[in-house]
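Letter by letter, the chains look like this.
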Amino acid sequence: KHKPKIIGITGSSGKSSTKEAIASVLERKFNIIKSLKSYNSELGLSLAILGLKTAWRSPKGWLENVILGFKEIWNKNFPEVLVLEMGVDRPKDLEYLLKIARPQVGVVTAIGDIPVHVEFFSGPAEIAKEKAKLVRGLSVQGFAVLNFDDEAVWDMHEETKAQVLSYGFGTGADICASNYVISKDSGIAFKLNHKGVSAPVRLPNVFGKHNIYAALAAATVGIIYRMNLIEIVEALSLYKPPPGRLQIILGIKNSRILDDSYNASPLATHAALDTLVELESRRKIVVFGDMLEIGNFTAVAHKAVGEKTAQVANLFITVGFRSKFAAESAISAGMEKSLVFNFSTSREAAAFLKEKISEGDLVLVKGSQAMRMERVVEAIMSEPDRASELLCRQDEYWRNKE
């Protein structure tokens, strides 16, 4: 009935950050609604469109959602633009989501060599094929916004009838970034370049190269909707990634925490380690929980994380039986065995880390959602009373879930 403009976002990592960046840009010009948290499944997408929250296990809450959902039919102020995440767990998931909402703009973030959820597919190529359905379903009046630097994503430009716009660092991207600088005190700065025009962008208190990709995707969408670079740059200065996505939080004993505890895939984990390299500190600690849903790639992916960690960290703490592969790999790569520890749960790791942490340390915390790595962050943050504000998974359901 309301016929809003719809922007669909998919990819194996970076969807939520990209959604937040796009929303930051477009809300300067439009009345928008965005997916809450990571509402990107068939149920989550429907709730996002209606602006509702999950009721978890409450029958009363779901009944209220049904009633509120029907009321949206008569909402005279229904948003002009929907910014929606579209997740893929299994084959044909995206087909179903596209029956719920058909975007005019499709944004694909990143796939990587070992995507998350690959356990339900024959391999990365099949995942890319599934996610490509987003741009394949666009009309000739639509726009495909593709990550130019990710080969699997850029290959999708051959599969769509829509106008293609690319973003990235690579020469040849329609919207590209250059002169990238990161500081643990001020965040990210870079130049945004489009059609021979450049504009300086500052992302205060934002860290990680993947957030530049989110900003570039957002700038591309802003250009599609006829916003100028000044408007876009001003809007991006207000962009803030969701909790648990490479946020720096003050820790006990005058330490700092690089909180990336929301989830983990091989691509995102390596990006987090790259960010750790770029930030200066007295000592660097990596606390790493299992990466789930990567099937046959589990051993090789965890070993690769361990090998890289050995090159960048002074202390390595792993959580879970899969991450033992990472611990063993770090030792094989030359890290002292006395500096590598493995625990079964995040609570055990947190108790150990509290004793080991010291002034000036920078602690990266990363792991898949089920590993509950936010508990590590809460245990070592200097202001635990702000956990509900700063950390992921702080609602009542998650707080009570083991």
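All of the points below concern the structure found in this document. (Residues numbered from 1 in each chain as written. Predicted model: local features only at pLDDT ≥ 70, side-chain atom pairs only at ≥ 80, totals over all residues. Heavy atoms only, no water.)

1. Focus: the sheet that holds strand β12 (residues 283-289)
If you trace the six strands from one edge of the open sheet to the other, you get β10-β11-β15-β12-β13-β14, paired in mixed fashion. With partners counted over all chains shown, the strands left at the sheet margins are β10 (247-251) and β14 (340-343), one partner each. Put simply, the sheet's adjacent strands are angled 20 degrees from each other on average, direction ignored. As paired elements, β12 and strand β15 (residues 361-366) share six bridges and run parallel to each other. Paired with Val286 across the bridge in β15 is Leu364. The sheet contacts of helix α11 (residues 298-312) involve β12 and β13 (315-319), and relative to β12 the element is tilted by about 170 degrees. (Pairing = 2+ DSSP bridges. Helix = DSSP H or I, 4+ residues; strand = E, 2+ residues; numbered from the N terminus. Axes fitted to C-alpha atoms, helices over the stretch in contact; angles between N-to-C directions. Contact = heavy atoms within 4.5 Å.)

2. Some remarks on a nonpolar patch on the surface
A contiguous nonpolar patch, built from Val66, Phe70, Ile73 and Trp74 and spanning about 450 Å² of accessible area, is present on the exposed surface. Structurally, the position occupied by Ile73 is in the loop between α3 (59-71) and β3 (81-85). Ile73 gets classed as partly exposed once you look at its relative accessible area, which sits at 35%. (Patch = residues over 30% accessible without salt bridge, like charges linked within 9 Å, V, L, I, M, F, W, Y side chains within 5 Å. Areas by Shrake-Rupley, 256 points an atom, 1.4 Å probe, with all protein chains shown as cover. Salt bridge = Lys/Arg side-chain N within 4 Å of Asp/Glu carboxyl O. Buried < 20%, exposed > 50% of the residue type's maximum accessible area, 1.4 Å probe, protein only.)

3. Remarks on the nonpolar core
Within soluble globular proteins, side chains that are nonpolar generally end up buried alongside one another. Ranked by internal contacts, the top residues of the largest apolar core, which has 72 residues, are Ile7, Leu26, Val107, Phe190 and Leu192. Broken down by element, the residue count for this core peaks at 11 residues, all from helix α8 (residues 209-224). Ignoring sequence-local partners within four residues, the contact set of Leu192 consists of Ile175, Cys176, Val197, Ser198, Ala199, Val201, Leu216, Ala219, Leu229, Ile232 and Val233. If you look at the next biggest cluster of nonpolar residues, it comprises 31 residues, including Leu82, Leu97, Leu98 and Leu138. (Core = buried A, V, L, I, M, F, W, Y, C linked by side-chain atoms within 4.5 Å.)

Treat this as a map of the structure, not an account of what it does.
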